[in-house]
Amino acid sequence: MIVSLDVADLTDPLRSAVAAAAAGCLPLVGGGDGDALDGAAVSAMRGALAGAPVEGRVVVGEGEKDGAPMLSPGERFGRGGVAVDLAVDPVDGTRLAAAGRPGAMAVAAATARDGFFDIGPAHYLDKLVTWVPGLGAVDAPDGALLAAVPALVARAAELRGVRAAEVRIAVQERPRNRAHAEAVRASGAELVAFEHGEVERSLRALHGGARDAATRAGAFGASWASEASDIGSFGEGPLDAVLGIGGAPEGTIVAGAARALGGSMLARFAPQSRREAERIRSALGADVVDPRRVIPLDVLCAGPAEVVVAAVTPCEVGVELPGAEDRAGGLRVAWWSAASGRHGRMDLPRG
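Residues numbered from 1 in each chain as written. Predicted model: local features only at pLDDT ≥ 70, side-chain atom pairs only at ≥ 80, totals over all residues. Heavy atoms only, no water.

Caption draft 1: Spatial organisation of the overall build of the protein chain. Regarding its fold elements, the protein chain presents 11 helices and 16 strands. A separation threshold of at least 6 residues defines the contact pool for the protein chain, and within that pool the share at least 24 residues apart is 73%. (Helix = DSSP H or I, 4+ residues; strand = E, 2+ residues; numbered from the N terminus. Contact = heavy atoms within 4.5 Å.)

Right under this line is the structure:
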């Protein structure tokens, strides 16, 4: 049974956890060693979660599909309190962070116990994520998420008061997403291709294409807005949706954000190997892996959720966050909360 939860009570412990992860891996940013960077972030996040005032359980710990260090599903944390489930990625965009490129963040999503959909051993989901409200399984009959694209584009254009050509949909550049890219082009919308940083793009899409640059860049003042204009990640502009087959763990985190921000999300299992499909069937049942089954947002995340991000390198999540900094007085990390919309900086001691 899912109990009611005041997500405001989760903001501070999640902020402490993601800030610790971002600060913990900062010395390794730009060093080229993604596994070492992930390992440092995982260790720092685990340590911060140990003192959280909750009875916590990790249900998604990004890293398994890539063989990277991770917080393992089933790990328990906290010193007691309300029972919550947690989906985490101590560094989303590990390759970006290892290369010192923008778009890497530490992120954690939490909701009441059993509130997240059980992805089991799945590594991949086909997903449609957007700020446009009211998109449901009826828009994707028989699991055809691509069939929802024309309706999505029409709704986004109407709500924004623009032409379809001004609606922007991001698709990750992978061979498995060729049909998704073609569906975007066929709809008349603008295709925005990206390589890494699925969670960052999804958070931007949940804020919507109508957000102007001044609003996004204003979070940390004029000096940061000027600095951000020189960073390639921020030249892409706002997004209306993210579409395509990507990580299942990332999908759980994004579902929590869609709940918090009032957006829409649809997903279906999209195993990329026979072995993955067999593992899902064995763990969850054959009907779950049926590609005709669309999983709506109220199943992906069944109740209120909080998602908190801390920037490892500069990133945009509806507001633009400067990357973690090593300063004379210690470490400084920028953070943002989905449930409250609050953002700011945390100062942490070095080491």
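Caption draft 2: Representation of unusual backbone geometry within the structure. The phi dihedral of Asp114 falls on the positive side, at around 70 degrees, and the residue is not glycine. Of the residues examined, Asp114 reaches a relative accessible area of 45% and is grouped as partly exposed. With a phi close to 55 degrees, Asp142 is a non-glycine residue in the positive phi region. Considering the arrangement of structural elements, one finds Asp142 in the loop between strand S5 (124–130) and helix H4 (149–160). Overall, the relative accessible area of 64% leaves Asp142 in the exposed class. (Buried < 20%, exposed > 50% of the residue type's maximum accessible area, 1.4 Å probe, protein only.)

Caption draft 3: Molecular detail of the pattern of salt bridges. For the structure shown, the criterion picks out 19 salt bridges. Here Arg57 and Asp85 are joined by a salt bridge, their closest N and O atoms 2.7 Å apart. Remark: Asp85 occurs in strand S3 (residues 83–92) and Arg57 occurs in strand S1 (residues 55–61); sequence separation between them is 28 residues. Of the two residues examined, Arg57 and Asp85, each falls in the buried class. With a closest N to O distance of 3.1 Å, Arg57 and Asp114 form a salt bridge. Here Arg57 is found in strand S1, whereas its partner Asp114 is found in the loop between strand S4 (105–112) and S5, with 57 residues between them in sequence. Connected through shared salt-bridge partners, Glu55, Arg57, Asp85, Arg113 and Asp114 make up one network. (Salt bridge = Lys/Arg side-chain N within 4 Å of Asp/Glu carboxyl O.)

Caption draft 4: Layout of the sheet that holds strand S10 (residues 295–296). Taken in spatial order, the 6 strands make up an open sheet running S7-S6-S8-S5-S9-S10, and their pairing is mixed. Each edge of the open sheet is held by one strand with a lone partner, namely strand S7 (190–194) and S10. For S5 and strand S8 (residues 241–247), the ladder comprises 7 bridges, and the chain directions are antiparallel. Directly across from Leu125, in S8, lies its bridge partner Gly246. (Pairing = 2+ DSSP bridges.)

Caption draft 5: Spatial organisation of the packing of helix H6 (residues 198–207) against helix H9 (residues 248–261). Contact geometry of H6 with H9 gives a least axis separation of 10 Å together with a crossing angle of 20 degrees. On the basis of the axis angle, H6 is roughly parallel to H9. Crossing angle aside, the handedness with which H6 passes H9 is right-handed. For the pair H6 and H9, the contacting residues are Glu198, Val199, Ser202, Leu203, Leu206 and His207 in the first and Glu250, Ile253, Val254, Ala257, Ala258 and Leu261 in the second. Across the contact of H6 with H9, the residue classes break down as 8 nonpolar, 2 polar and 2 charged. (Axes fitted to C-alpha atoms, helices over the stretch in contact; angles between N-to-C directions. Parallel < 35°, antiparallel > 145°, perpendicular 65-115°, else oblique. Left-handed = near helix turned anticlockwise from the far one by under 90°. Nonpolar A, V, L, I, M, F, W, Y, C, P; charged D, E, K, R; others polar.)

Caption draft 6: Region of interest: the nonpolar core. Ranked by internal contacts, the top residues of the largest apolar core, which has 43 residues, are Met45, Phe77, Leu86 and Val333. Contributions of two or more residues to this core are made by helix H1 (8–25), helix H2 (34–49), S3, helix H3 (94–99), S4, strand S11 (305–311), strand S15 (330–337) and strand S16 (343–348). No other element matches the 9 residues that H1 contributes to this core. Filtering out sequence-adjacent residues up to four positions away, Leu86 remains in contact with Leu14, Leu49, Arg57, Val58, Val59, Val60, Phe77, Ala108, Ala109, Ala110 and Phe116. Grouped together as the second largest cluster of nonpolar side chains are 41 residues, Leu125, Val129, Ala248 and Val289 included. (Core = buried A, V, L, I, M, F, W, Y, C linked by side-chain atoms within 4.5 Å.)

Caption draft 7: Quick peek at empty space enclosed by the protein. One pass over the structure, following the stated rule, counts 2 cavities of 30 Å³ or more. For the largest cavity, the full set of lining residues is Lys127, Val129, Gln172, Asn177, Phe194, Glu198, Ser202, Val242, Leu243, Gly244, Ile245 and Gly246. Put simply, the parts of the chain that give the lining of the largest cavity at least two residues each are S5, H6 and S8. Sort the elements by how many residues they give to the lining of the largest cavity and S8 lands first, with 5 residues. Classifying every residue of the lining of the largest cavity by side-chain character gives 5 nonpolar, 5 polar and 2 charged. When its volume is computed, the second largest cavity comes out at roughly 60 Å³. For the second largest cavity, the full set of lining residues is Leu10, Pro13, Leu14, Leu49, Ala52, Val54, Phe77, Val84, Leu86 and Ala110. Elements with a contribution of two residues or more to the lining of the second largest cavity: H1 and S3. If you tally residues by element for the lining of the second largest cavity, the top one is H1, at 3 residues. Looking at the lining of the second largest cavity residue by residue, the classes come out as 10 nonpolar, no polar and no charged. (1 Å grid on protein atoms, 1.4 Å probe; cavity = no way out; pocket = protein on both sides within 12 Å on 5 of 7 lines; lining within 4 Å. Points joined across faces, edges and corners; volume = space filled by probe spheres on them.)

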